[in-house]
Amino acid sequence: MTEKEKMLAGEVYSAVDPQLLSELELTRERIYDYNTLRPSETAKMKQLLKELLGHVGDDDIIINQPFRCDYGCQISVGKRFFANFNFTVLDEARITIGDDCFIGPNVSIYTACHSTDPAERNSRREWARPVSIGNNVWIGGSVTILPGVTIGDNVTIGAGSVVVNDIPSDSIAVGNPCRVIKKL
């Protein structure tokens with residue numbers, strides 16, 4: 001298997017593989033183009049997002065600049081998607097976001113995992129776990145979503161939360177670590 005195939009399969013891979021580094025550089029170039037567009041250039045923004053992301057549900061997509069991601073092609077967003085300023089996505093694994101999702105400012109979604117052992121971490125070997133976010137989800141500002149998390153439908157995640165475990169549908173969750181405080 002190539003290092004990219006290992007990455008996408010959730011296996012340990014080399015993060016300094018030349019093919020992966022080349023793809024990261026290409027994505028950074030495209031993100032640069034996106035982030036330097038004038039705010040009035042909405043048609044160009046939408047076109048770039050459709051080219052960059054793996055799937056876009058419809059034309060009703062807004063991601064306020066600046067936006068950052070690693071590959072882009074592992075990100076899927078549904079219909080009527082909105083993300084505010086400083087949306088950061090480390091998409092070494094698949095990230096699926098449903099319809100009618102709203103992302104507050106300074107939200108980060110991570111799929112990349114690193115060893116807590118310094119020697120292993122310094123080898124630049126890592127792995128990735130997918131993240132799934134359902135329909136009708138509101139993610140408050142400055143939320144961090146960690147690798148492997150699934151958030152159900154009709155969920156609100158309170159501002160500043162760190163989501164380390166799955167959050168069931170029809171709930172409000174807050175805190176660090178994020179936990180359900182109310183069922184709808």
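Reading the values: rules and limits
- Residues numbered from 1 in each chain as written.
- Predicted model: local features only at pLDDT ≥ 70, side-chain atom pairs only at ≥ 80, totals over all residues.
- Heavy atoms only, no water.
- Salt bridge = Lys/Arg side-chain N within 4 Å of Asp/Glu carboxyl O.
- Buried < 20%, exposed > 50% of the residue type's maximum accessible area, 1.4 Å probe, protein only.
- Helix = DSSP H or I, 4+ residues; strand = E, 2+ residues; numbered from the N terminus.
- Pairing = 2+ DSSP bridges.
- Contact = heavy atoms within 4.5 Å.

With that settled, consider the pattern of salt bridges. Here the structure, examined in full by the defined rule, presents six salt bridges. One salt bridge connects Lys50 with Asp59, and the closest N-O pair in it is separated by 2.1 Å. For Lys50, a relative accessible area of 37% gives the class partly exposed. In this structure Asp59 comes out as partly exposed when scored by relative accessible area, which is 45%. Residues participating in the shared-partner salt-bridge network are Glu3, Lys6 and Arg125.

With that out of the way, let us pick up the pairing of strand S12 (residues 125-128). Going residue by residue along S12, you find Glu126 and Ala128 tucked away on one face and Arg125 and Trp127 left uncovered on the opposite face. Of the pairings in the sheet, the one linking strand S1 (residues 13-14) to S12 comprises two bridges and is antiparallel in character. Within S12, the position partnered with Ser14 by the bridge is Arg125. Taken together, the two bridges between strand S11 (residues 112-113) and S12 define a ladder with antiparallel strand orientation. Bridging across to S12, Ala112 finds its partner in Ala128.

Let us look at the side chain of Ser171. Among the structural elements, Ser171 can be located in strand S19 (residues 171-175). Apart from residues lying up to four places away in sequence, Ser171 is in contact with Asn154, Val155, Thr156, Val180, Lys182, Lys183 and Leu184.

Strand pairing within a sheet occurs via backbone hydrogen bonds; the two strands may be parallel or antiparallel. Taken in spatial order, the five strands line up as S4-S7-S10-S15-S18 in an open sheet, and their pairing is parallel. Pairing within the sheet leaves two strands with one partner each, and these edge strands are strand S4 (67-69) and strand S18 (162-163). Strand direction decides the pairing type here: strand S15 (residues 144-145) and S18, joined by two bridges, are parallel. In the strand pairing of S18, Ile145 is matched with Val163.

A separate point is the environment of Ile145. Looking at the secondary structure, you find Ile145 in strand S15. With a relative accessible area of 0%, Ile145 lands in the buried category. Taking the C-alpha atoms as reference, Ile145 lies 23 Å from Leu20; in sequence the two are 125 residues apart. With sequence-adjacent residues up to four places away left out, Ile145 is seen in contact with Ser108, Ile109, Tyr110, Val131, Ile133, Ile139, Ile151 and Val163.

So, about unusual backbone geometry. For the bond running from Gln65 to Pro66, omega is -5°, close enough to zero to count as cis. With respect to the element layout, Pro66 can be found in the loop between strand S3 (61-63) and S4. The linkage connecting Asn176 with the following residue, Pro177, adopts the cis geometry, with an omega of 0°. Residue placement: Pro177 occurs in the loop between S19 and strand S20 (178-183). One non-glycine residue with positive phi stands out, namely Arg124, at about 65°. The residue Arg124 is located in the loop between helix H4 (118-122) and S12 in this model.

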